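Observations on the model geometry
Chain residues, written in single-letter form:
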Amino acid sequence: MTEIFGIPIQAFLGQLLLGLVNGSFYAMLSLGLAVIFGLLGIVNFAHGALYMIGAYVAWVSLEKFGLNYWAALVLAPLVVGALGVVIERTLLKHLYKLDPLYGLLLTFGLALIAEGLFREQFGVSGQQYPVPELLQGATNLGFMVLPNYRAWVVAASLVICLGTWFLIEKTPLGATLRAGTENPALVQAFGINVPVMVMFTYAGGAALAALAGVLAAPVIQITPLMGSNLIIVVFAVVVIGGMGSILGAILTGLGLGVIEGLTKVFYPEASNIVVFVIMAIVLMIRPAGLFGQER
């Protein structure tokens, strides 16, 4: 069998892999958005900027300090997570009891500021980040050649996403987080510092965005616009999965990445809008999203 629906099998599987890689980034970014909205009620439009900053931390740490990719996987989430702490403590903490629109406008402004600062510092031309030596090359599977780094991205994304879901949904810490956002006074009465817990929740969401930025750095050009180019699609993914649904963000991100990749094979003209078409259909049938809960 050399063709699938008239498409050469190598081209079909290649686009399927590309869709899985894109879906991995969609899943990680939408996961961070879902965590922040689901637990804090903030529509975090700065998420794309945090993703971009994570990629730049990896690039700068290599160019200026000689730190390799594996060090950047640790450093970037820590740096961006610390930035998340500053944002939450100085700005977002004042918005939790207000309409989510205020949070959206504030974080949108922060995203524009970050993008402008990085354009001033690094320009608009893209920076290249090398694939780490350990993950260079490809593996011949017989029916296709699988680039090692792209396989790593998919595997790492699945582990991170499922690990985050398990932490929030299946552990005592996750139960405390959810309780602290639903009834902070009660949780505070048990001696738990709810403001600090909320602060670290936002920092964790920011760190997830930075981690996605480091994973993306070797497969795309690093530019100040990389976050704004992706965030609209990621928001559509979150809406389709259900705002605040962590499992919905993961499954929808991966699924829509695959659908988008296959659309490039069968009807390339629609590949840029297929996610938004699906979003419109889902909202008409189920306004809360596929995995969201009606309120």
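Reading the values: the criteria
Residues numbered from 1 in each chain as written. Predicted model: local features only at pLDDT ≥ 70, side-chain atom pairs only at ≥ 80, totals over all residues. Heavy atoms only, no water. Phe/Tyr/Trp six-rings, centres within 6.5 Å; stacked < 30°, edge-to-face > 60°. Helix = DSSP H or I, 4+ residues; strand = E, 2+ residues; numbered from the N terminus. Buried < 20%, exposed > 50% of the residue type's maximum accessible area, 1.4 Å probe, protein only. Expected span 1.5 Å × (residues − 1). Salt bridge = Lys/Arg side-chain N within 4 Å of Asp/Glu carboxyl O. Contact = heavy atoms within 4.5 Å. 1 Å grid on protein atoms, 1.4 Å probe; cavity = no way out; pocket = protein on both sides within 12 Å on 5 of 7 lines; lining within 4 Å. Points joined across faces, edges and corners; volume = space filled by probe spheres on them. Nonpolar A, V, L, I, M, F, W, Y, C, P; charged D, E, K, R; others polar. Core = buried A, V, L, I, M, F, W, Y, C linked by side-chain atoms within 4.5 Å. Lys, Arg positive; Asp, Glu negative; His and termini not counted.

Before going further, it helps to spend a moment on the packing of aromatic side chains. In this structure the tally under the stated criterion is eleven aromatic pairs. With a centroid separation of 5.2 Å and 45° between ring planes, the pair formed by Tyr56 and Phe118 is classed as tilted. Of this pair, Tyr56 sits in helix 2 (residues 47-65) while Phe118 sits in helix 4 (residues 100-122), and the two are 62 residues apart along the sequence. Classification of Phe118 as buried rests on a relative accessible area of 18%. Ring centres of Tyr69 and Tyr149 lie 5.8 Å apart, and the angle between their planes is 75°; this geometry places the pair in the edge-to-face category. A residue pair is termed long-range when its members are at least 10 positions apart, and Tyr69 in helix 3 (residues 69-90) and Tyr149 in helix 5 (residues 148-170) qualify at 80 residues. Across the pair, Tyr149 and Tyr69 agree in class, each one buried.

So, about helix 2. With 19 residues, helix 2 should cover 27 Å at 1.5 Å per step; its first-to-last C-alpha distance of 26 Å lies within 8% of that length. The buried count for helix 2 comes to 14 of 19 residues, which makes it a mostly enclosed element. Directly beyond the C-terminal end of helix 2, a positive phi value near 75° is found at Gly66.

All chains considered together, the criterion is met by one salt bridge. Ionic pairing is found between Glu88 and Arg89, a salt bridge with its closest N-O pair at 2.7 Å. A relative accessible area of 0% places Glu88 in the buried class.

Let us look at the environment of Met284. Within the secondary structure, Met284 is located in helix 11 (residues 274-285). Residue class for Met284 comes out exposed when judged on its relative accessible area of 68%. Between the C-alpha atom of Met284 and that of Leu104, which follows or precedes it by 180 residues, the distance is 23 Å.

We now examine the side chain of Thr263. Tracing the chain through its elements places Thr263 in helix 10 (residues 246-266). Accessibility expressed as a relative area gives 13% for Thr263, which makes it buried. Other than its neighbours up to four places away in sequence, Thr263 contacts Pro268, Ala270, Ser271 and Val274.

Glancing now at the layout of surface pockets. Using a probe with the size of a water molecule, rolled over the atoms, empty space left in the structure can be pinpointed. What the second largest pocket holds in volume is close to 410 Å³. Looking at the second largest pocket, it is lined by 20 residues, and the ones nearest its centre are Asn22, Tyr26, Tyr51, Ile220 and Leu230. Residue assignment for the lining of the second largest pocket shows that the elements contributing at least two residues are helix 1 (9-40), helix 9 (226-241) and helix 10. Examining the composition of the lining of the second largest pocket, we find that five residues originate from one element, helix 1, more than from any other. Among the residues making up the lining of the second largest pocket, the classes are represented as eleven nonpolar, six polar and three charged.

All right, on to empty space enclosed by the protein then. For the structure shown, the criterion picks out one cavity of 30 Å³ or more. Considered as a void within the structure, the largest cavity measures approximately 30 Å³ in volume. For the largest cavity, the full set of lining residues is Leu33, Phe37, Ile42, Val43, Asn44, Phe235, Val238 and Met243. Sorting the residues of the lining of the largest cavity by element identifies helix 1 and helix 9 as the ones contributing at least two each.

The biggest cluster of nonpolar side chains holds 85 residues, and the ones touching the most others in it are Tyr51, Tyr129, Leu215 and Ile222. Among the elements that line this core, the one with the most residues is helix 1, at 17 residues. Those residues in contact with Leu215 that lie beyond four places of it in its chain are Phe25, Met28, Tyr69, Leu73, Tyr149, Trp152, Val153, Ala156 and Ile160.

This part takes up the environment of Ala206. Residue position: Ala206 is located in helix 8 (residues 194-216). Residues Ala206 and Met279, 73 residues apart in the sequence, show an inter-C-alpha distance of 25 Å. Beyond its immediate chain neighbours, meaning those up to four positions away, Ala206 contacts Ile36, Leu50, Val80 and Gly84.

Here we come to the side chain of Glu115. Note on placement: Glu115 falls in helix 4. Arg119 provides the closest opposite charge to the buried, salt-bridge-free Glu115, at an N-O distance of 4.0 Å. Discounting residues that sit within four places of it in the chain, Glu115 has contacts with Met52, Pro224, Leu225 and Ser228.

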